Amino acid sequence: MRILLLEDDPEIGTWTVKGLMAAGHVVDWIENGREALLAATTRDYDVLIFDRMTPDLDGLSALKTLRSARIATPLILLTALGAVEDRVEGLEAGADDYLSKPFAMSELLARITALGRRGRAEAAEMTTRLFHRGLELDLLSQTCTCNGQTVLLNPKEFRLLEVLMRSKGRIQTRAMLLERVWDINFDPATSVVETHMSRLRNKIEKPFGTEFIKTVRGSGYMFLD
Amino acid sequence: MSALRQAIALSLAFLVLLTIGGLLLDDVITEEFRAETEAALREEYQRISDRLTRTGRFPDQIVTAEVFSDSGVGYAVLRADGKVLGPVLRGAFDRPGFDILEGEQLFQPEALETLDRIFELIEDEAEEDDISSDQPGQNPGTARQLGFDVEFDSDADLGWRIYSGAVLDGRLLVYAPGVSAFGADLTGVILIFVIILSLPALVIGLIFGIRAQRRLNRIGAGFDRIADGNLDLRLAPRVIRDDIDELAARIDGATERLQASMRQMSDFSANIAHDLRTPLTRLRLHLDQAEDAEDQAAHREAAIAQMDDIIAIFGAIQRIARMQSQRRRDGFAPVELAAVVEQVHEIYEAVAQDAGQELSCRVSDADTINADRSLIMQLLANLIENAIRHAGEGASIAIDLSGRRLSVTDTGPGIPEAERSRVLDPLYRLDRSRNTAGAGLGLAMVKAIADLHEAELALMSGPDQRGLRVEVRFPEG
């Protein structure tokens, strides 16, 4: 994917660019808000990554300008402030996702992948049925069957499986799952995700002897394609 | 000096108003009196003129001493032969209609003397009347000759009002004491009143002003000392009597809150410094060993885990600080407590089960409150995580929601009463939990969220004096 990175700190910038390139992305790194705005309006990118505090023009203002110019390229806002209000402010200004510093490269990569696919996945959102290797989710009746056998899932387990199946082949980090499945914006001190994940796997994997979900160490989980 | 200035200004304004009111009153009364006198003169003139016309001739004589008739009006006649009947000078007849004349211009010298004597008598009698006002006067005849009971100063310049016109072949003139005498007198009275009133008004104004000023000065000086850092100082008196006391009490309230948060802040800083040392030391250790150890990857992972801990601590501190400093309630919206409780219960039921505990949930008559939904979720999650972490295996944890009262009760070891208020401070940890995970921010966060929602937070023992019960009561409305 073509990615524009706005980040004024040289060390973080270098590290981010290196990580993104290692994952196969093409990155333009700009350290100044005004130039980033210019680049975002004149060139074609798949995903924009803006730091909130940058010289000349801050990331948030640049984002607002972009959105008012009807440029809808997916954007992730990076910030050193992690409070809920900042999050809300960023999302209201038109950011598609929000990541507070310091972050793990795996988290950023997972979120970029999720965003980059969003445009294409949008059409699939309308689907009422998710199907993969004998595992089937009926989104209307909220039922799950595996090889024709009904699997009883509680609503949160169903939602967890739905999120994973929709992002087949892409990593979902713990934080992403907490947001999407449980609507939690803070970092729980207990193993909420792990607990529910192991219960889900006990229901869909153990009885059928198939591995659907892969644990990616240090990053999160992935529904195998 | 604003209070003093205000008092003086108010007193002066009062006096000015009083003077204006007095002058207006004077004017109105004078005018009224003048009209009345003129009407009486005209009536008397008409009566006498009718009588003279009826008899067809002037009387031979009008006694000089008989200055006034019963109506309070005297009269004189100028005959066609130029002889004046009555105590009046010839010249007084010159102008027809109403006129005002001085005593010397109107009366013959001997009549003037008689008048002066009469006035002296009236004055004496008035003085006696002052002593025994019920008794009739010593010289009723003379007094009644005047026809009215208004006291006036004999030294006062008496203006006389006259009315003259042609009757038969001569002229008739009627006269009565004019208003100018009473007018002058009334103005004097008002002036005296103003002077007499102005002194007490000013004095009372000054006393109140100085007292208010003194109290304000005291508050001002106290405030300066508070600003200099003397946060123990309190300004309000024991009994609140008025707005100034109220103001002082408010300043006291603000000082107290300031003092509390200052104390908390300094404790907080000390705790941060102390508690961050542990993960930082471990981090250093892992980095040190990673160099030449065979299991480099393990050390690296452990270092990252320690780092994540530190970041989590900072994140939580940041959130608490923000909640404490800017009491942002903009994001508040109606939140169904029952829905939040259900959701959190759903999330943690399995987690508790895996920890060998039981999480139950009871909801009755739940209310909808104005709140930040995600913060309420975090509050409840923190309470439950706290219970899961510290209550131990086999414990049962109960969420209870009734109306606006939300509580989490566990059957664990509880918290000693003496330490219950301290565990709400950021980074405070019981000694026995020093070795469990966590930084001691969970309850502090709960406290900050409760404060933001103006909810009451209470820690107590669970049923049978065992375990811990944390109760949050959200305010009405």
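What comes next is a walk through the structure. (Residues numbered from 1 in each chain as written. Chains lettered and ligands numbered in written order. Predicted model: local features only at pLDDT ≥ 70, side-chain atom pairs only at ≥ 80, totals over all residues. Heavy atoms only, no water.)

For the rest of this paragraph, the subject is the overall build of chain B. Scanning chain B from N- to C-terminus turns up 10 helices and 12 strands. Expressed as a percentage of its 477 residues, the buried residues of chain B come to 40%. Here the contacts in chain B between residues at least 6 apart in sequence split such that 67% fall between residues at least 24 apart. (Helix = DSSP H or I, 4+ residues; strand = E, 2+ residues; numbered from the N terminus. Buried < 20%, exposed > 50% of the residue type's maximum accessible area, 1.4 Å probe, protein only. Contact = heavy atoms within 4.5 Å.)

What follows covers the sheet that holds strand 9 (residues 396-402) of chain B. The strands that make up a sheet are held in pairs by hydrogen bonds between backbone atoms, and each pair lies either parallel or antiparallel. Residues and elements named next belong to chain B. The strand order across the open sheet formed by 5 strands is 7-9-10-12-11, and the pairing between neighbours is mixed. Among the strands making up the open sheet, the edge pair consists of strand 7 (358-364) and strand 11 (456-461). Within the sheet, the average angular offset between the axes of one strand and its neighbour, ignoring direction, is 15°. Across the sheet, helix 8 (residues 337-354) is in contact with strand 7, strand 9 and strand 10 (405-410); its angle to strand 7 comes to roughly 170°. (Pairing = 2+ DSSP bridges. Axes fitted to C-alpha atoms, helices over the stretch in contact; angles between N-to-C directions.)

All names here are of chain B. Applying the stated rule across the entire model yields 7 aromatic pairs over all chains. A ring pair is formed by phenylalanine 98 and tyrosine 163, whose centres lie 4.6 Å apart and whose planes are at 55°; its orientation type is tilted. Separated by 65 residues along the polypeptide, phenylalanine 98 in strand 3 (residues 97-102) and tyrosine 163 in strand 4 (residues 159-167) bring together distant segments of the chain. Assessed through its relative accessible area of 27%, phenylalanine 98 is described here as partly exposed. Classification of tyrosine 163 by relative accessible area gives buried; the value is 16%. Centre to centre, the rings of phenylalanine 107 and tryptophan 160 are 4.8 Å apart; their planes meet at 85°, and the pair counts as edge-to-face. Residue phenylalanine 107 is located in the loop between helix 2 (103-106) and helix 3 (109-131), and its partner tryptophan 160 is located in strand 4; the two are separated by 53 residues in the primary sequence. Of the residues examined, phenylalanine 107 reaches a relative accessible area of 2% and is grouped as buried. A residue is classified by how much of its surface remains accessible, and tryptophan 160, at 1% relative accessible area, is buried. Taken together, the ring pairs in this structure connect Tyr45, Phe98 and Tyr163 into an aromatic cluster. (Phe/Tyr/Trp six-rings, centres within 6.5 Å; stacked < 30°, edge-to-face > 60°.)

Next up on the list: the interface of chain A and chain B. In this complex, chain A contributes 24 residues to the contact, which on the side of chain B involves 22 residues. Put simply, chain A and chain B have 3 salt bridges between them. Across the salt bridge formed by Glu301(B) and Arg217(A), the nearest N and O atoms sit 2.4 Å from each other. On the surface where chain A and chain B come into contact, there are 6 residue pairs in polar contact (both at pLDDT 80 or more). No other element matches helix 8 (residues 192-204) of chain A, which puts 4 residues into the side of chain A that touches chain B. Residue classes in the side of chain A that touches chain B are distributed as 12 nonpolar, 6 polar and 6 charged. (Salt bridge = Lys/Arg side-chain N within 4 Å of Asp/Glu carboxyl O. Polar contact = N/O pair within 3.5 Å; in protein donor to acceptor, adjacent residues only side chain to side chain. Nonpolar A, V, L, I, M, F, W, Y, C, P; charged D, E, K, R; others polar.)

What follows concerns unusual backbone geometry. Residue and element names in this part refer to chain A. Lysine 101 connects to proline 102 through a cis peptide bond whose omega is -5°. Counting through the fold element by element, proline 102 comes out in the loop between strand 5 (97-100) and helix 5 (105-121). Despite not being glycine, glutamine 142 shows a phi value in the positive range, around 55°. Inspection of the secondary structure assignment puts glutamine 142 in the loop between strand 7 (135-138) and strand 8 (143-146). Classification of glutamine 142 as partly exposed rests on a relative accessible area of 43%. Residues other than glycine seldom take positive phi values, yet asparagine 147 does so here, at roughly 50°. As for its placement among the helices and strands, asparagine 147 is situated in the loop between strand 8 and strand 9 (149-151). When its relative accessible area of 53% is taken as the criterion, asparagine 147 is described as exposed.

Between its first and last C-alpha, helix 6 (residues 243-290) of chain B extends 69 Å over 48 residues, near the 70 Å set by a 1.5 Å rise per residue. Two or three places before Ile244(B), at the opening of helix 6 of chain B, Asp242(B) has a side-chain oxygen 3.3 Å from that residue's backbone nitrogen. (Expected span 1.5 Å × (residues − 1).)

A word on the pattern of salt bridges. Residues and elements named next belong to chain B. Under the definition given, this model contains 39 salt bridges over all chains. Linking glutamate 38 and arginine 34 is a salt bridge whose minimum nitrogen-to-oxygen distance equals 2.8 Å. On the criterion of helical spacing, the pair formed by glutamate 38 and arginine 34 is a turn pair, its members being 4 residues apart in helix 1 (residues 2-55). Residue glutamate 38 is classed as buried on the basis of its relative accessible area, which comes to 16%. Across the pair arginine 79 and aspartate 81 runs a salt bridge, and its minimum N-O distance is 3.2 Å. Exposure remark for arginine 79: the relative accessible area of 23% places this residue in the partly exposed category. Residue aspartate 81 is classed as exposed on the basis of its relative accessible area, which comes to 55%. Through salt bridges with shared partners, a single ionic network connects Arg405, Glu456, Arg469, Glu471 and Arg473.

This part takes up helix 9 (residues 373-390) of chain B. Residue and element names in this part refer to chain B. Compared with an ideal rise of 1.5 Å per residue, which puts 18 residues at 26 Å, helix 9 spans 26 Å between its outermost C-alpha atoms and is within 8% of the ideal. When you tally the buried positions in helix 9, you get 15 out of 18 residues, the bulk of the element. The positive-phi residue at the C-terminal boundary of helix 9 is glycine 392, with phi of around 90°.

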